Amino acid sequence: MQSVGGSPSRGVLLITVDSLRADALGPHTPTLRGLARRGTAFETAIAGGNWTPFSFPDLLGARPVFSDASTPGPSADPTLAEALSTAGVRTAGVNAGNGFLTPHYGYDRGFDEFESFLDGARTPIGRFLTTHPTVNGWVQYLGWPLGNAAAKLRGRERRHAVDTSHLHALERRALGSIESFAGDDGDRPFFLWIHYMDAHTPYVPAPRHVKAVTDGEVGSLQTLLGHLRAGLGKEVDEETLRTLRALYDASVRQIDESVSRVLDELKATGMREDTTVILAGDHGEEFLDHGHLAHYPKLYDELVRVPFVVDHPGAPARTEESAVPLRDVPPTVCDALGVESPAAFAGESLLPTIRAEERPDRDPVTSLAIRGESVTSQPIPRRLGDGTPLVAARTRRWSYVRGPDGAVELFDRTADPGESDDAGREAVPEEAFAALERAADDRLALLYDAGEDAGDGGRAGGADGDGDGDGDDVPDAIGRRLEALGYR
């Protein structure tokens, strides 16, 4: 099978960014905005859930989370990388330390090369700093002058004062993969996935990025106070909230610079114009939009609507407002490379929209979350049996959110983009409401029937054959990374 309207791409670069809100692209992200202007920008792209383990079964797997097991992770069907590898595509995956995207959960399946940069800290201090990235960032920042002087004495140059997100190691690995792909005889097609973690809490960008996005108004003291108040669970006032959002924006700017260097390497190897570049957030991030920070189990726009851009060779630049799910990524990647998608893939290729401007017919698009005793209960549920499902369905205009208690909220995003006022059942046309409710019911019907043993379900794809997410069962390195990200 060939790409719609043209020959297959030389390769596909899939860039995913953890916790990337739909409104995160702005003047501080010229590279990412440039991609959106050059390619097809999907304005209503919807993640499969509110956090990584619920969204990535769509992005790299075949079917939505909990389709065939009670634990998160890709389904037992062929993953995107497995489908591509079987078709002769070279595959490489680089994940900047997200513990949920590791071989333990089966995300290395199908990749010829895979790196997740789990910590190898051997000393108590090293393990402490790995588990406390905010402290690690401040130690690096305060020790920068001495470290920089020592580097100069050794004839080296240190360009970065802070790196707690494995960004530079990820970038080096990605550049090495691109160079290797370029050297392939016969122009063998390639697939490269890179996942950035800088925009995930606790937001520790290099100070120069903070200065850039705030015109120098947020300095070291405000940054430290913002981290302290948020880290200690203090009430977040307006000034602290502005600081946290500035740190987030600075973190996205840091990612933008790295993506620019990766694209420059593609250009230097002569492969840029023949490569499909896809950008997607795996989920969003909340800044008190509905009363909390980060990404607790809720399904409002700030958490499930994300940037999604496909820059495909020869396709016109355009914006598409129809709702699309991130589960369309795997079949779109396959289509771009001229590979037939496995029948198990739940999504559909978007190349007809990208190349021929055919409007996609995906409405309504659904998302899922699992809530325990309360929104902020710990541990955040990692199994289907750890809480009660809540589900959302979205069209271009309407949001339908059904809570764990069955109560339904309805939002008209044309009049209420912040989803702050329940429009009520009477505000939604009968046909639209029926479609939203049917989509929500269908999504819940897909949940794995775990019965009384929901908490004990396993998945064949995990490296250890267990695949569950309980902290007592994951390897120590993964446990430390998840704790560093706030998951206990």
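What counts as what
All residue numbers refer to positions counted from 1 along the written sequence of the respective chain. Residues qualify for local features only when their pLDDT is at least 70, as the model is predicted, and side-chain atom pairs are given and counted only at 80 or more; totals for whole chains, interfaces and linings, by contrast, use all residues. Heavy atoms throughout the structure, all of them, feed into the side-chain values; hydrogens and water do not. Summary of the burial criterion: residues with accessible area below 20% of their type's maximum are buried, those above 50% are exposed, and those between are partly exposed, where the area comes from a 1.4 Å probe applied to protein chains only. Each helix is a run of DSSP H or I of at least 4 residues and each strand a run of E of at least 2, with the numbering of both proceeding from the N terminus. In short, DSSP must find at least two bridges between two strands for them to pair. Between N-to-C directions, angles cover 0 to 180 degrees, with each direction set by a line fitted to C-alpha atoms, over the stretch in contact for helices. Put simply, angles under 35 degrees are roughly parallel, angles over 145 are roughly antiparallel, angles from 65 to 115 are roughly perpendicular, and the rest are oblique. The handedness criterion is simple: a crossing whose near helix is rotated anticlockwise from the far helix by less than a right angle is left-handed, and one whose near helix is rotated clockwise is right-handed. The contact rule is simple, with two residues in contact once any of their heavy atoms fall within 4.5 Å. As a working rule, the residues Ala, Val, Leu, Ile, Met, Phe, Trp, Tyr, Cys and Pro are called nonpolar, Asp, Glu, Lys and Arg charged, and the rest polar, with Gly in that last group.

**Focus: the pairing of strand S5 (residues 190–196)**
Taken across its seven residues, S5 has seven buried, putting it largely inside the fold. Of the two faces of S5, the one carrying Phe190, Leu192, Ile194 and Tyr196 and the one carrying Phe191, Trp193 and His195 are both buried. Looking at chain direction, strand S1 (residues 11–17) and S5 are connected through seven bridges and run parallel. By the bridge assignment for S5, Thr16 is matched with His195. Where strand S3 (residues 90–95) meets S5, six bridges bridge the pair, whose relative direction is parallel.

**Here's the deal with the packing of helix H8 (residues 207–214) against helix H10 (residues 238–268)**
One way to put it is that H8 packs onto H10 with a least axis distance of 8 Å and a crossing angle of 110°. By the criterion of interaxial angle, the relationship of H8 to H10 is roughly perpendicular. Our pair here, H8 against H10, has a crossing hand that is right-handed. In this structure, H8 contributes Arg208, His209, Val210, Ala212, Val213 and Thr214 to the contact, and H10 contributes Ala246, Leu247, Asp249, Ala250, Arg253, Gln254 and Glu257. Here the residues of the contact of H8 with H10 are counted per class, giving six nonpolar, three polar and four charged.

**Here's the deal with the sheet that holds strand S15 (residues 408–412)**
Read from one edge to the other, the open sheet built from four strands follows the order S12-S13-S14-S15, with strand pairing classed as antiparallel. The outermost strands of the open sheet, each flanked by one partner alone, are strand S12 (365–371) and S15. For this sheet, the mean inter-axis angle between neighbouring strands, taken without regard to orientation, is 15°. Looking at chain direction, S12 and strand S13 (residues 388–394) are connected through seven bridges and run antiparallel. When the bridges of S13 are listed, Val365 appears paired with Arg394. Sitting on the sheet, helix H14 (residues 430–445) is in contact with S12, S13, strand S14 (398–402) and S15, with an inclination near 45° to S14.

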